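What follows is the residue order along each chain.
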Amino acid sequence: MNQELWNLTILGMKGRKKITVLIFTVLLLSFAFAVVTLSVTSSMERTNREYRFDTYGEWYGAFSLAEEEAPDWLKQEESISAVGCAETYALLSGTDEKAYLGTVDEILQKTGRLALLEGHMPEQEDEIALEADILSSLGYDYVIGQKIVIGEAYEGSTADGETDCGMFSRIFTLSCWMALNLWLSGQDISLPGAVITKKAAEQVYEKAVKERADPGLTLNNPQKLYFFTTAPGMEQQAEKAFERHNQKFMENKAAYQTGAAESYHFFYTCLIFAVTILAVLCIYMIYLQKQTRQIALFRTIGITRRQLCVMLFYETVCLSVPAMLLGSLLGGVFTWGLLKAFMKTSLARICLDIPMKMLMLMGVAWMLCVFVTRLKGLVECNPDKNLTS
């Protein structure tokens, strides 16, 4: 960096404080507006996406298997980031709608975003977690620690091939009530709305098997349902992997809505860039005549065009970089305020999302536009004509 030209640039900016402050303010506001324009749509989409994940879980697909464990290929597949498991053991009796007793592993608790409205997941063998609607349909209040009688119907088949149920009941302690969020709309599939520990579920099932052995009722095995989550951007690779292994799965269509993944169409992004750049061009075209006179003055004292280019670059950096940094911060605050105002009555968590790649691309184009516009004054400058006009 040429220190003399840098010092001369700073002195020149100090000598015209009003116009420098005015240009900086306009650049700041124009970049803040661009940040708001870019980030509002992105933030709204991210907020909606997170709301869907909170409601339906962030797992991508689910499938059932007869095997005890998930297949090895699934664990080794790079496109699959996590696999959780839910097991259903018995049908709950006394509920308004069909609900099942079962278990949910820690991975599924995370990828399913099981919302514990109060309390903790079962840790002891006599504890149970109930979905809020099931707790209400059973006639109990939302009080943690209360004793709850759970009626269990274990489905099976008799020696004649007929379907029958073995009825049992057991007393549990309510450890939490929750929003399960694992519903597969329109699918004939069993999901646990009452969750107990794995050990407790196995003990209850073994007891049911023994007690129903004499009447000749063979109970159905617990149903295992696996929920998998894909690595970012690898949904198609995961689908192809399932096709290769002839394994069907049910997609979480409620969470992954078609067309909701990305929002920034090329035309929309270009429109934002164009509006921002036009605003900067208009500002500097107004300032161009004053700038041209200043350039002409520098030329008369022997400063070359190359040195003037360097000085213009220094001044552009001095004005644009702080305007970009403060504009990004200001734009983020404005975006948050707009989302807060628009979603005042919404239950969704507000997620601020500023697309940094697009913002950096726009910043480069924005600074280049400022520099080229100012350079135009240097190219068109005629010292004798500009100083006498």
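Source: prediction; values computed, not measured. (Residues numbered from 1 in each chain as written. Predicted model: local features only at pLDDT ≥ 70, side-chain atom pairs only at ≥ 80, totals over all residues. Heavy atoms only, no water.)

Engineer: I'd like to hear about the pairing of strand β5 (residues 127-131), residue by residue, with values.
Structural biologist: Remark: a regular strand shows side chains that alternate across the two faces of the sheet. Most of β5 is tucked away: five of the five residues are buried. The alternating pattern of β5 places E127, A129 and E131 on one face and I128 and L130 on the opposite face, and all of these are buried. In the sheet, β5 pairs with strand β8 (residues 192-195) via two bridges, with the strands oriented antiparallel. In the sheet register, A129 faces β8, and the bridge partner there is V195. (Buried < 20%, exposed > 50% of the residue type's maximum accessible area, 1.4 Å probe, protein only. Helix = DSSP H or I, 4+ residues; strand = E, 2+ residues; numbered from the N terminus. Pairing = 2+ DSSP bridges.)

Engineer: Which residues make up the side chain of R113, and what values do they have?
Structural biologist: The topology assignment puts R113 in the loop between α4 (106-111) and β4 (115-119). A polar atom in the side chain of R113 sits 2.8 Å from the side chain of D54. (Polar contact = N/O pair within 3.5 Å; in protein donor to acceptor, adjacent residues only side chain to side chain.)

Engineer: Explain the packing of aromatic side chains residue by residue, including any values.
Structural biologist: Going through the model one piece at a time under the given rule, you end up with 16 aromatic pairs. Note on W6 and Y314: the rings are 5.4 Å apart at their centroids and 75 degrees apart in plane angle, and the pair reads as edge-to-face. Residue W6 is found in helix α1 (residues 3-15), and its partner Y314 is found in helix α9 (residues 305-342); the two are separated by 308 residues along the sequence. Here Y314 falls in the buried class, since its relative accessible area comes to 9%. Relative to F242, the ring of F228 has its centre 4.6 Å away and its plane inclined at 25 degrees; by these criteria the two rings are stacked. With F228 in strand β10 (residues 223-230) and F242 in helix α7 (residues 235-244), the pair connects residues that are 14 residues apart, well separated along the chain. Across the pair, F242 and F228 agree in class, each one buried. In this structure an aromatic cluster arises from ring pairing among F53, Y60, F63, W73, Y226, F228, F242, F249 and Y256. (Phe/Tyr/Trp six-rings, centres within 6.5 Å; stacked < 30°, edge-to-face > 60°.)

Engineer: Break down unusual backbone geometry for me, with residues and values.
Structural biologist: Backbone geometry places N246, a non-glycine residue, at a positive phi of 50 degrees. Note on placement: N246 falls in the loop between α7 and β11 (250-251). Of the residues examined, N246 reaches a relative accessible area of 71% and is grouped as exposed.

Engineer: Any chance you could break down the environment of Y60 for me, citing the residues and the numbers?
Structural biologist: When you line up the elements, Y60 lands in the loop between α2 (17-56) and β1 (61-64). A relative accessible area of 5% places Y60 in the buried class. For the pair formed by Y60 and K253, sequence separation is 193 residues and the distance between their alpha carbons is 8.2 Å. In this view, Y60 contacts F228, T229, T230, E235, E239, F249, M250, E251, N252 and Y256; residues no more than four positions away in its chain are not counted. Side chain to side chain, Y60 and E239 meet in a polar contact 2.5 Å long. (Contact = heavy atoms within 4.5 Å.)

Engineer: Explain the packing of α2 against α9 to me, using residue names and the numbers behind them.
Structural biologist: The packing of two helices is summarised by the inter-axis angle and the distance between the axes. In the contact formed by α2 and α9, the axes pass within 6 Å of each other and the chain directions differ by 45 degrees. Between α2 and α9, the interaxial angle falls into the category oblique. Between α2 and α9 lies a crossing of right-handed hand. By residue class, the composition of the contact of α2 with α9 is 20 nonpolar, nine polar and no charged. (Axes fitted to C-alpha atoms, helices over the stretch in contact; angles between N-to-C directions. Parallel < 35°, antiparallel > 145°, perpendicular 65-115°, else oblique. Left-handed = near helix turned anticlockwise from the far one by under 90°. Nonpolar A, V, L, I, M, F, W, Y, C, P; charged D, E, K, R; others polar.)

Engineer: So what's going on with the side chain of E127? Residues and values would help.
Structural biologist: As for its placement among the helices and strands, E127 is situated in strand β5. K147 provides the closest opposite charge to the buried, unpaired E127, separated from it by 8.7 Å. Here the side chain of E127 touches E123 through a polar contact of 2.8 Å, landing on its backbone nitrogen. A distance of 3.1 Å separates a polar side-chain atom of E127 from the backbone nitrogen of Q124. Excluding residues that lie within four positions of it along the chain, E127 makes contacts with H120, M121, P122, F172, T173, S175, V195 and I196. (Lys, Arg positive; Asp, Glu negative; His and termini not counted. Salt bridge = Lys/Arg side-chain N within 4 Å of Asp/Glu carboxyl O.)

As far as function goes, none of this settles anything; it's purely spatial.
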